[in-house]
There are 2 protein chains.
Amino acid sequence: MNQTPQIRHALSTKRADDFAQWYQEVISEAEMAEESGVRGCMVIKPWGYGIWERIQRRMDDRIKAAGVQNCYFPLFIPLSYFAKEADHVEGFAKEMAVVTHHRLIAGENGGLVPDPEAKLEEPLIVRPTSETVIGAAMARWVQSWRDLPLLTNQWANVVRWEMRTRMFLRTSEFLWQEGHTAHADRDDAMEETLRALEMYRDFAETELAMPVFAGEKPENERFPGAVATYSIEAMMQDGKALQAGTSHYLGTGFAKAAGIQYQDKEGTQQYAHTTSWGTSTRMIGGLIMTHGDDDGLRVPPIVAPYQIVVLPMLRDGPEDEALLAYCQDLTKALGQLSAFGEPVRVLLDKRPGKATQKRWAWVKKGVPIMLEIGGRDAAGGQVSMLRRDRIWNAAAKANFVALAKDDFLASAVAELEEFQAGLFAEAKDRRDANVSTVENMEALTAFFAQDKRYPGWAEVLWSRPTGAALESVVQKLKALKLTIRNTPLDGQAVSGSCIFTGEPAVERIYVARSY
Amino acid sequence: MNQTPQIRHALSTKRADDFAQWYQEVISEAEMAEESGVRGCMVIKPWGYGIWERIQRRMDDRIKAAGVQNCYFPLFIPLSYFAKEADHVEGFAKEMAVVTHHRLIAGENGGLVPDPEAKLEEPLIVRPTSETVIGAAMARWVQSWRDLPLLTNQWANVVRWEMRTRMFLRTSEFLWQEGHTAHADRDDAMEETLRALEMYRDFAETELAMPVFAGEKPENERFPGAVATYSIEAMMQDGKALQAGTSHYLGTGFAKAAGIQYQDKEGTQQYAHTTSWGTSTRMIGGLIMTHGDDDGLRVPPIVAPYQIVVLPMLRDGPEDEALLAYCQDLTKALGQLSAFGEPVRVLLDKRPGKATQKRWAWVKKGVPIMLEIGGRDAAGGQVSMLRRDRIWNAAAKANFVALAKDDFLASAVAELEEFQAGLFAEAKDRRDANVSTVENMEALTAFFAQDKRYPGWAEVLWSRPTGAALESVVQKLKALKLTIRNTPLDGQAVSGSCIFTGEPAVERIYVARSY
């Protein structure tokens, strides 16, 4: 096991050749998800769902630690609820699944059809988001200032009818968490909005090893009905931006629509100020496009369904027994270690199959560490370790390292920590290297027109125009296939002119192509 | 704190007076769930959802330990998928939510209406269960005998349009897990069907402290399309039966409808044999009706969101500081203990409010152990413990026990274990005392007609009639408002005659009123 084994390079598309095709191929080859046959909906397979379970567990811990309580609200929202908040319905009405009947009967051609006798008096909307139905509950639960803040969250599926879908990034049905909170005043609600944003930033960077900019979205990109929308924005390897989480300060608009009122300490009736914030299975798309390489996925250990896979090189002979016993001991010892505050997740993969094929399947799935164990390793008390982040590093491809078993046990947690930190550092270096300050419209046009596949993002100064002036900026950018991502919240002072309006600049914004 | 404090007895309905009303009141007073305003759908509130999260976590551990992998499949099922399995569609077609449009537009009266231009070519069904859509995926995934068994599970919401709903027991939308597996032959599929059944039996009895009979349902109660259906049946305190989980052997019917075929070792194409099995939020209804008492809920510690609540008796004075410090230390020390294989879940409830009101709120929620801590307890290194299962025991109501803090820390885990075991023993004794052997139809009629509010279940011999003969039995029972629950799987030999047909009996069945 000391020579370097050959690893077959099985993805047929390289990132540099066709990023979109590469993305689909990673999802397929890593067995993360597939088209379901149901329009716009995917099947999430065990490796993809396992990553989602890890994300859920860690995000849920953070949500609970902030004092937010999980609830569950109805899938269906009566049309009348939805229509109460005018901006909200305007923003969503064009892309929702509408339930109109509650029974089927045999049709004229023998097939089944909706029963005209079972038509609903009021159509039900399959929730695209739950502000309205949760607002109705909050109106029941909030009476006095003592009931505030009210902090709720739900893990749920939501549906937004999408014309063009892409797995994990934009599907008609997706899985998410949606936090909904009610507060006595603007300050408290804004604090919660920014707390959730910071939770998302830290989660993206810590758990997903995905660097993000946390900032405020421009007026035109606000959630329908929101007073302010904040986002975390990650740079994918093709230079495009991915919005990976949002947090909204909703003012009193939803509270007025739903009647969320409380009696303040002076006995006066007040409307609550509400917030909502969400992250979804879209983060898995971000993870793929941040950490994948030309061999497939690389999963940050904190969210990897398995962090270490032990691969015994079985020969279907009597010598397998001692080899398996050795691997079982090793697996058990690794499972007793703790990394990132949880037991190490290790799988002994003793399924039949050629060792190289099994290895390649795990490479494509991106398991952080593979241990191949042959009879001689077992006899000599060794392991042969392949770190997924080192396959194509430097000159040596597939650099397996032979280690004494006890040495590996002593260093396994550090290896995982180093892997996690390494993915983040690599992504952050790439992101930072691809954000450029651009001084004027001409330079902006040139930047995104340059003969470079992945131009990255432009950081520009602007005067924060609103209304028609903003719309004019948005249209100019649209002509270049660009969008405003967000405004950093670091409070850094700026001096100079807005590249769009020429007026004195008040802040920086990131401009990019986006998903 | 050595005198027995008065506990206000706040439920207005006793079980013996109106069990159905008592059930609704427990759900409301324990803040577990409430009507949502959306027809047939409930809002699950933090205490109810917290119990569900505990159930999910422990059930998921068991499912994963059996080698089953979690996936996620679409919410929507195209009508054509659903229509493939004739018995299946017949069983479900009458109670499904049908999506017919994907957009709304302004209607003539200014409101919103489904856009006639956005009518779906093929209606989509909101999944009532996922055999059909998972079968379509299995048909893609299964090619060879090497792909079998294929073991999948999903945690999801499902919708069955119900005319009469009752929270947790029967709601149009509910949360569940559904296991779906494919196997090479009948024996392997049947083994999986019975493995899942046994998992449910053990889960109900261990985690929920709810004794159940595991057995086979009669032909007329089979899942639509199944060859055999098994269930666990629990006895509620009103003597009615609750089906708390089911496991189905589906034969090759669904495999033929979906095209799940594999090449066997001899190279012949074969249809797979499939199974499905599920448990749902209905189990929470069972938990309430098994363990609730006239003071509200009593939650088995394994599934209690909090197992211990520490209640400092704050006086809004300077002495509160030392009291809170004492309580914080106590809470931390308890959180470092481990019970049932997990850290003890303990809450320090320092919200404002009168101590008796806070105590009563936790009594109604059924938290296993409450610790009230006053200034003198803190000064003396004591705790005053109330075990929720001992409030109305024997003569002493609300028997608080004063204990040295260190003694309580040393015995807390044992207290929780004893609580869990005690709830099970109490429920099992009651169940066993209320199952009666009944020898003939006359006695059966008399048994259920007796002037006793909760007659329990009858165990009778029968000849396992099928078809029209079974239908005649079913109708006879229906006239008495009775149903056949299941046939025990203990293989016990029987001798005697069927009480319905007079033919030689082949097995025992349980007959009961049911939810």
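Residues numbered from 1 in each chain as written. Chains lettered and ligands numbered in written order. Predicted model: local features only at pLDDT ≥ 70, side-chain atom pairs only at ≥ 80, totals over all residues. Heavy atoms only, no water.

**What to know about the overall build of chain A**
If you tally the helices and strands in chain A, you get 14 helices and 28 strands. In summary, chain A has a C-alpha radius of gyration of 26 Å against a globular reference of 24 Å for 515 residues, a match within 12%. When the backbone C-alpha atoms are referred to their principal axes, chain A occupies close to 80 × 65 × 60 Å. Relative to its 515 residues, chain A shows a buried fraction of 58%. (Helix = DSSP H or I, 4+ residues; strand = E, 2+ residues; numbered from the N terminus. Rg over C-alpha atoms; globule rule 2.2 N^0.38 Å. Buried < 20%, exposed > 50% of the residue type's maximum accessible area, 1.4 Å probe, protein only.)

**Observations regarding the environment of Pro46(A)**
With respect to the secondary-structure elements, Pro46(A) resides in helix α2 (residues 46–65). Note on Pro46(A): relative accessible area 23%, which makes it partly exposed.

**Quick look at the packing of aromatic side chains**
Scanning the entire structure with this criterion turns up 26 aromatic pairs over all chains. With a centroid separation of 6.5 Å and an interplanar angle of 50 degrees, the aromatic rings of Phe76(A) and Trp161(B) are classed as tilted. Here Phe76(A), found in strand β4 (residues 76–78), pairs with Trp161(B), found in the loop between β9 (150–159) and β10 (173–183), and the two come from separate chains. Note on Phe76(A): relative accessible area 1%, which makes it buried. Here Trp161(B) falls in the buried class, since its relative accessible area comes to 5%. Ring centres of Phe213(A) and Tyr510(A) lie 4.2 Å apart, and the angle between their planes is 10 degrees; this geometry places the pair in the stacked category. (Phe/Tyr/Trp six-rings, centres within 6.5 Å; stacked < 30°, edge-to-face > 60°.)

**Some points on the state of the cysteines**
According to the stated counting rule, one finds 0 disulfides over all chains in the structure shown. Cys41(B) carries a free sulfur, and the closest cysteine sulfur to it, the one in Cys71(A), is 15 Å from it. The class for Cys41(B) is buried, based on a relative accessible area of 1%. (Disulfide = S-S within 2.5 Å.)

**Details of the domain arrangement of chain A**
Residue and element names in this part refer to chain A. Domain annotation for chain A reports domain 1 (31–75 + 126–291), domain 2 (301–419) and domain 3 (435–512). Averaged C-alpha coordinates put domain 1 and domain 2 at centres separated by 37 Å. Tallying the contact residues gives 12 residues for domain 1 and 11 residues for domain 2. Interface area for domain 1 against domain 2, summed over the two sides, is near 1,000 Å², with a carbon-plus-sulfur share of 64%. It is Trp47, Arg54 and Arg58 in domain 1 that bury the most area against domain 2; as a group they hold 67% of the surface buried on that side. Linking domain 1 with domain 2 are 3 salt bridges. Glu342 is the salt-bridge partner of Arg58, the closest N and O atoms lying 2.9 Å from each other. Here domain 1 is connected to domain 2 by 5 residue pairs in polar contact (both at pLDDT 80 or more). Of all the elements, α2 adds the most residues to the side of domain 1 that touches domain 2, at 7 residues. Partitioning the side of domain 1 that touches domain 2 into residue classes produces 5 nonpolar, 2 polar and 5 charged. (Domains from an automatic or database assignment. Contact = heavy atoms within 4.5 Å. Buried area = accessible area lost by both parts, 1.4 Å probe. Salt bridge = Lys/Arg side-chain N within 4 Å of Asp/Glu carboxyl O. Polar contact = N/O pair within 3.5 Å; in protein donor to acceptor, adjacent residues only side chain to side chain. Nonpolar A, V, L, I, M, F, W, Y, C, P; charged D, E, K, R; others polar.)

**Some remarks on the confidence of the model for chain A**
All names here are of chain A. Confidence in the prediction of chain A, expressed as mean pLDDT, is 93, and 96% of residues score 70 or more. For residues 1–8, every residue scores under 50 in pLDDT, and the model assigns this stretch 17 contacts once sequence neighbours within four places are set aside. Across the interfaces of the predicted complex, the ipTM metric reaches 0.95, alongside a pTM of 0.96. (pLDDT = per-residue confidence, 0-100.)

**Regarding the pattern of salt bridges**
The tally for this structure, following the rule as stated, stands at 75 salt bridges over all chains. We note a salt bridge from Glu205(B) to Arg201(B), for which the minimum N-O separation is 2.8 Å. Of this pair, Glu205(B) and Arg201(B) both sit in helix α6 (residues 186–206), separated by 4 residues, roughly a single helical turn. Given a relative accessible area of 17%, Glu205(B) falls into the buried group. Several salt bridges share partner residues, and in doing so they unite Arg54(A), Arg58(A), Arg62(A), Glu198(A), Arg201(A), Asp202(A), Glu205(A), Glu207(A), Glu342(A) and Arg345(A) into one network.

**Observations regarding the relation of the copies chain B and chain A**
Of the transformation placing chain B onto chain A, the axial shift is 0.0 Å and the rotation is 180 degrees, giving an RMSD of 0.0 Å. The transformation relating the two chain copies, once decomposed into turn and shift, fits a two-fold axis. Considering only C-alpha atoms, the part of chain B nearest the rotation axis is Val99(B), at 2.1 Å. Comparing contact sets, 100% of the residues at the interface of chain B also lie at the interface in chain A, consistent with an isologous, same-surface contact. (Least-squares fit on C-alpha atoms with pLDDT ≥ 70 in both.)

**Overview of the sheet that holds strand β23 (residues 401–404) of chain A**
All names here are of chain A. A sheet is described by the order of its strands in space; here 5 strands give the open sequence β20-β17-β21-β22-β23, paired in mixed fashion. The open sheet has two edge strands, β20 (346–348) and β23, and neither has a second partner. Direction aside, neighbouring strands of the sheet carry axes that sit 25 degrees apart on average. Note that strand β21 (residues 369–373) and strand β22 (residues 382–387) share 4 bridges and pair antiparallel. Directly across from Glu372, in β22, lies its bridge partner Ser384. Against the sheet, helix α9 (residues 320–335) contacts β17 (308–312), β20, β21 and β22, and its axis sits at roughly 170 degrees relative to β17. Docked against the sheet, helix α10 (residues 355–365) engages β17, β20, β21 and β22, running at close to 170 degrees with respect to β21. (Pairing = 2+ DSSP bridges. Axes fitted to C-alpha atoms, helices over the stretch in contact; angles between N-to-C directions.)

**Some thoughts on helix α1 (residues 19–29) of chain A**
Residue and element names in this part refer to chain A. All buried positions along α1 are accounted for by Phe19, Trp22, Tyr23, Glu25, Val26 and Ile27. As for α1, its buried residues are in contact with β1 (33–35) and α8 (282–291). Once α1 finishes, Glu31 follows within two positions and takes phi at roughly 55 degrees, a positive value.

**A few points about the side chain of Arg54(A)**
Residues and elements named next belong to chain A. Note that Arg54 resides in helix α2. Arg54 sits in the buried class, given a relative accessible area of 11%. Arg54 has contacts with Ile302, Val303, Ala304, Pro305, Glu342 and Arg345, leaving out every residue within four places of it along the chain.

**Quick look at the interface of chain B and chain A**
Contacts between the two partners involve 58 residues from chain B, matched on the other side by 58 residues from chain A. Regarding the contact of chain B and chain A, the summed buried area is about 5,000 Å², with carbon and sulfur atoms giving 65% of it. The largest per-residue losses of area from chain B upon contact with chain A belong to Tyr72(B), His102(B) and Leu104(B), which jointly make up 13% of the total buried on that side. Taken together, chain B and chain A are joined by 4 salt bridges. The closest approach of N and O atoms between Arg140(A) and Glu34(B), which form a salt bridge, is 2.7 Å. Counting every contact that joins chain B to chain A gives 28 residue pairs in polar contact (both at pLDDT 80 or more). Taken together, the residues that form the side of chain B that touches chain A break down as 37 nonpolar, 8 polar and 13 charged. Looking at chain direction, strand β5 (residues 98–101) of chain A and strand β5 (residues 98–101) of chain B are connected through 3 bridges and run antiparallel. For Val98(A), the partnering residue across the bridge sits in β5(B) and is His101(B).

**Concerning the nonpolar core**
Residues Phe76(A), Val99(A), Val126(A), Phe76(B), Val99(B) and Val126(B) are the most contacted members of the largest nonpolar core, which totals 84 residues. Among residues more than four places away in sequence, those in contact with Val99(B) are Ala97(A), Val98(A), Val99(A), Val126(A), Phe76(B), Leu120(B), Pro123(B), Leu124(B) and Val126(B). Core analysis: the next-biggest nonpolar cluster, separate from the first, contains 69 residues, Ile55(B), Leu197(B), Met210(B) and Tyr515(B) among them. (Core = buried A, V, L, I, M, F, W, Y, C linked by side-chain atoms within 4.5 Å.)

**Some remarks on unusual backbone geometry**
Cis geometry is adopted by the peptide bond preceding Pro149(A), which originates at Leu148(A) and carries an omega value of -5 degrees. For Pro149(A), the position within the fold is in the loop between α5 (131–141) and β9 (150–159). Backbone geometry places Asp316(B), a non-glycine residue, at a positive phi of 55 degrees. Turning to its location among the elements, Asp316(B) is positioned in the loop between β17 (308–312) and α9 (320–335).

**What to know about the environment of Ala378(B)**
Residues and elements named next belong to chain B. As for its placement among the helices and strands, Ala378 is situated in helix α11 (residues 375–380). Taking the C-alpha atoms as reference points, Ala378 and Ala322, separated by 56 residues in sequence, lie 7.8 Å from one another. When sequence neighbours within four positions are dropped, the list of residues in contact with Ala378 reads Leu323, Tyr326 and Ile373.

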